[in-house]
Amino acid sequence: MLRLPSGPTGASAELTPTAGPDGSAGTPSEPGDGAGGGGADGAGDDRAGGGAEPRERARDDVPDLVRDYLAHLAVERGAAANTLAAYARDLRRYADHLAAAGVDRLGAVTEPLVAGFLASIREGDADHPPLSAASAARAVVAVRGLHRFAVRDGIVAADVARAVRPPAPPRRLPKALSVEDVERLLEAAGFDGTPLAVRDRALLELLYGTGARISEAVGLAVDDLDRGSGSVLLRGKGGKERVVPVGSYALRAVDAYLVRARPVLSAGGRGTSRLFLNARGGSLSRQSAWTILRTAADRAGLAATVSPHTLRHSFATHLLDGGADVRVVQELLGHASVTTTQVYTLVTVDRLREVYVTAHPRAR
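Residues numbered from 1 in each chain as written. Predicted model: local features only at pLDDT ≥ 70, side-chain atom pairs only at ≥ 80, totals over all residues. Heavy atoms only, no water.

K.L.:
I'd like to hear about the packing of helix α4 (residues 111-123) against helix α5 (residues 133-152), residue by residue, with values.
P.N.:
Running from N to C, α4 and α5 point in directions that differ by 155 degrees, and their axes come no closer than 10 Å. By the angle between their axes, α4 is roughly antiparallel relative to α5. Regarding α4 and α5, the two cross each other, and that crossing is right-handed. Note on element contacts: α5 touches α4 through A133, A136, A139, V140, V143 and H147, opposite V114, F117, L118, I121 and R122. (Axes fitted to C-alpha atoms, helices over the stretch in contact; angles between N-to-C directions. Helix = DSSP H or I, 4+ residues; strand = E, 2+ residues; numbered from the N terminus. Parallel < 35°, antiparallel > 145°, perpendicular 65-115°, else oblique. Left-handed = near helix turned anticlockwise from the far one by under 90°. Contact = heavy atoms within 4.5 Å.)

Structural data, given as structure tokens:
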């Protein structure tokens, strides 16, 4: 099996490209390379140790290109850590697929070989379960990006992956709670008034009041919230920032947390600027925030309909139901494309149809 980086955190040295003679990203440095290597292909090290004559590494060597591409995504594109980890897994599996076919150079890859990879991940094998349409689509996007990267840098002449299309995942409409169910959830979060309950209520109020992702909310610093203007600075995927207004209910809940709960929680910690703290005074994790949401949903009797994005879905759906423009909702959610936001308009159309059928005397 070919050794490729398993993710951005465990292989930082492998994700750092060295500069080529023209200043562009070249082959990443590896253990053993350096000033004493004796040659561009590392032959000096092998010969000094009495080893066999090394194979000259091809410029389009697949493992090297994968490392360069991941470095490009991390450094130049600012890809998120989770995205890098997923792409590394997908491309490692792609490299194994090519190696099994006897191909170790990207220039030797053909379109049927790329299409065969898509078929193999959909079918699965002894070592891997079949991938869903969504996961397979992500893997194909990673592979297409690798080939496009190699063509752009002049490493290969043709993009053989261009015509291989990712499978279309089934359209799943986001599930939103009713306004009444959201209120039940929020009441359940702060039911006993303890410092932790006050924090939980503030967290969920902020999630629903801003449409923030859970990861964005737990990443907030105290100074990211501007209570004077009633807004918050959210950092989304890829480090993109957006300023979102905060409603009065969420502001009051966060004020109560800052006055009554956060000083109590921070007393046991080493000090952090994060807005939301755990019981030990450290930063609240995304997993803990998810547990808070699930616990409140259980208490409110809503466990079956709640997921990490439930309050975000509810935020968007309720805005559109109230007459908000879809492009305004796009900006509030931080979607790069309005197409992503438009899925919520389908939900509201379904809601309109439901109301029409039940309310109009001649609808049936």
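After that view, the rundown keeps rolling.
K.L.:
Can you lay out the packing of aromatic side chains for me, pointing to particular residues and giving the numbers?
P.N.:
Under the defined criterion, the tally for this structure stands at three aromatic pairs. When the centroid spacing of 5.0 Å and the interplanar angle of 65 degrees are considered together, the rings of Y94 and F117 count as edge-to-face. Residue Y94 is found in helix α3 (residues 81-100), and its partner F117 is found in helix α4; the two are separated by 23 residues along the sequence. The class for F117 is buried, based on a relative accessible area of 2%. Looking at R252, its charged tip hangs above the ring of Y249, at a distance of 4.9 Å from the centre. (Phe/Tyr/Trp six-rings, centres within 6.5 Å; stacked < 30°, edge-to-face > 60°. Buried < 20%, exposed > 50% of the residue type's maximum accessible area, 1.4 Å probe, protein only. Lys NZ or Arg CZ within 6 Å of the ring centre and 35° of its normal.)

K.L.:
Kindly report on the nonpolar core, identifying the contributing residues and their values.
P.N.:
L185, L203, L204, L207, Y257 and F276 are the most contacted members of the largest nonpolar core, which totals 54 residues. By residue number, the principal contributor to this core is helix α9 (residues 248-266), which donates eight residues. (Core = buried A, V, L, I, M, F, W, Y, C linked by side-chain atoms within 4.5 Å.)

K.L.:
Account for the pairing of strand β4 (residues 231-235), with residues named and values stated.
P.N.:
Pairing of strand β3 (residues 225-226) with β4, which is carried by two bridges, proceeds in the antiparallel orientation. Paired with L225 across the strands is V232, a residue of β4. Joining the antiparallel neighbours β3 and β4 is a turn of four residues, in which G230 adopts a positive phi near 65 degrees. Strand direction decides the pairing type here: β4 and strand β5 (residues 241-245), joined by five bridges, are antiparallel. Each residue of the ladder has a partner; that of L233, found in β5, is V243. Connecting β4 to the next strand, β5, in antiparallel fashion are five residues, including G238 with a positive phi near 70 degrees. (Pairing = 2+ DSSP bridges.)

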